[in-house]
Amino acid sequence: MSVKNDKEVSILADNTRFKNRVALITGAGSETGIGFAAARTLANGGAGVALTSTTDRIYERVKTVGSSGTDIKGYTADLMDRNQVKNLVDNVIHDFGRIDILVNNAGMVQVGKKESFVNMVDLPAIEWDESIDRNLNTCFNITHAVLPYMIKSNYGRIVNVSSVTGPLVSNPGETAYSAAKAAMVGFSRSLAIEVAKSNITVNNVAPGWIGTGSSTKEEQVAAENTPIGRAGSPQEVADLIAFLASDESTYITGQMIVIDGGNTIQEYKGPGDLYY
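In short, a report on the structure. What you are looking at is a predicted structure, and each value in this text was computed from that prediction instead of being measured.

**A few points about the overall build of the protein**
So, point 1. Counting its regular elements, the protein contains 8 helices and 7 strands.
So, point 2. In terms of overall dimensions, the protein is globule-like: its C-alpha atoms have a radius of gyration of 18 Å, near the 19 Å expected for 276 residues.
So, point 3. Its C-alpha atoms give the protein principal-axis dimensions of about 55 × 50 × 40 Å.
So, point 4. Excluding contacts between residues fewer than 6 apart, the proportion of contacts in the protein whose partners are at least 24 apart in sequence is 72%.
So, point 5. When the accessible surface of the protein is split by element, carbon and sulfur atoms take 53% of a total near 13800 Å².
So, point 6. In the protein, which carries 24 positive and 30 negative side-chain charges, the distance between the mean positions of the two groups comes to 6 Å.

Here it is, written out as structure tokens:
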């Protein structure tokens, strides 16, 4: 049996890790993305899982996300619209009765739209606003709506999917995205202090080059030049999310944990055969 299959078996076998917990996971519409991998991992751990994305493809994800007997439901919502966010949270509370875990994975680019890389001097103000709205305000909107329920139940795990882009490194044409992802980390630190006495933790995962269906050729080449020599998998990020969402991480809050194959620790980032 391969290492990958061994790992899959261990995850599936641990079906009580999140027993009696309910998780809301945003940005879970892509079958090759981090959100869906996180949903699958939490569902296989016994959690009830509410999945959301902007399109009806979320209902296809519901069919394949969990093992039999796990309560899985899908919802469509534009998280940039606060009225839709309120309705989403109201519906999840109605269906599940509670929200214990929130994974803020929504962002990047919406289905049907192309990601824009424009130097700031040429960046239209409306594109700046849209990127901040999509990559930062979505996190605020859903967290703001869920938080009262967590405080009332005196329990919560909030895991925000930030990035190394912004908090640690950046690229040309990504000023807005970088600002949003760095701000998400600052937001999480302050919030972590505010809610710590309510038994709520708030942490960030900061992925580097992760191989998803939206990975570009340039990103694939960059991943090959990490110390580990490959892109990370959505499942590897999902495993970190699951740890921070679990009761195994009760004394960790306000932190950003990098998962990038060592890329940000190396000074030289070119082909390894020219240096290492």
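From this point, things continue past the structure.
**Quick notes on unusual backbone geometry**
So, point 1. Even without glycine at this site, N20 takes up a positive phi of about 70 degrees.
So, point 2. Within the chain, N199 stands out as a residue other than glycine whose phi angle is a positive 60 degrees.
So, point 3. With respect to the helices, strands and loops of the structure, N199 is situated in the loop between α6 (175–195) and β6 (200–207).

**Quick notes on the side chain of N135**
So, point 1. Tracing the sequence through the fold places N135 in helix α5 (residues 125–153).
So, point 2. Beyond its immediate stretch of four places on either side in the chain, N135 contacts G107, M108, Y177, A180, K181 and M184.

**Observations concerning the pattern of salt bridges**
So, point 1. Overall, the coordinates contain 8 salt bridges when judged by the stated rule.
So, point 2. With its nearest N and O atoms 2.7 Å apart, the salt bridge here joins R98 to D100.
So, point 3. Since its relative accessible area comes to 35%, R98 is described here as partly exposed.
So, point 4. The shortest N-O distance in the salt bridge between R230 and E236 comes to 2.8 Å.
So, point 5. In the salt-bridge network here, residues are joined through shared partners; they are R21, R157 and D247.

**What about the sheet that holds strand β5 (residues 156–161)?**
So, point 1. Across the sheet, which stays open at both edges, the 7 strands sit in the order β3-β2-β1-β4-β5-β6-β7 with parallel pairing between neighbours. Two strands lie at the open edges of the sheet, namely β3 (72–76) and β7 (256–259), each paired on one side alone. Adjacent strand axes in the sheet meet at a mean angle of 15 degrees when their direction is disregarded.
So, point 2. In terms of strand pairing, strand β1 (residues 22–25) meets strand β2 (residues 48–53) through 4 bridges, oriented parallel. Pairing of A23 across the sheet is with V49, part of β2.

**A few points about the packing of α5 against α6**
So, point 1. Contact geometry for α5 and α6: axes closest at 8 Å, N-to-C directions at 20 degrees. By the angle between their axes, α5 is roughly parallel relative to α6. Note that α5 runs across α6; the crossing there is right-handed. Note on element contacts: α6 touches α5 through T175, A176, Y177, A179, A180, K181, A183, M184, F187, L191 and V195, opposite W128, S131, I132, N135, L136, C139, F140, T143 and L147.
So, point 2. Taken together, the residues of the contact of α5 with α6 break down into 15 nonpolar, 4 polar and 1 charged.

**As for the environment of G46**
So, point 1. Here G46 shows up in the loop between α2 (34–44) and β2.
So, point 2. The partly exposed category is assigned to G46, whose relative accessible area is 29%.
So, point 3. Considering only alpha carbons, one finds G46 and F18, 28 residues apart in sequence, at a separation of 5.0 Å.
So, point 4. Beyond its immediate stretch of four places on either side in the chain, G46 contacts N15, F18, K19 and N20.

Criteria and cut-off values
Residues numbered from 1 in each chain as written. Predicted model: local features only at pLDDT ≥ 70, side-chain atom pairs only at ≥ 80, totals over all residues. Heavy atoms only, no water. Helix = DSSP H or I, 4+ residues; strand = E, 2+ residues; numbered from the N terminus. Rg over C-alpha atoms; globule rule 2.2 N^0.38 Å. Contact = heavy atoms within 4.5 Å. Areas by Shrake-Rupley, 256 points an atom, 1.4 Å probe, with all protein chains shown as cover. Lys, Arg positive; Asp, Glu negative; His and termini not counted. Charge placed at Lys NZ, Arg CZ, Asp CG, Glu CD. Salt bridge = Lys/Arg side-chain N within 4 Å of Asp/Glu carboxyl O. Buried < 20%, exposed > 50% of the residue type's maximum accessible area, 1.4 Å probe, protein only. Pairing = 2+ DSSP bridges. Axes fitted to C-alpha atoms, helices over the stretch in contact; angles between N-to-C directions. Parallel < 35°, antiparallel > 145°, perpendicular 65-115°, else oblique. Left-handed = near helix turned anticlockwise from the far one by under 90°. Nonpolar A, V, L, I, M, F, W, Y, C, P; charged D, E, K, R; others polar.

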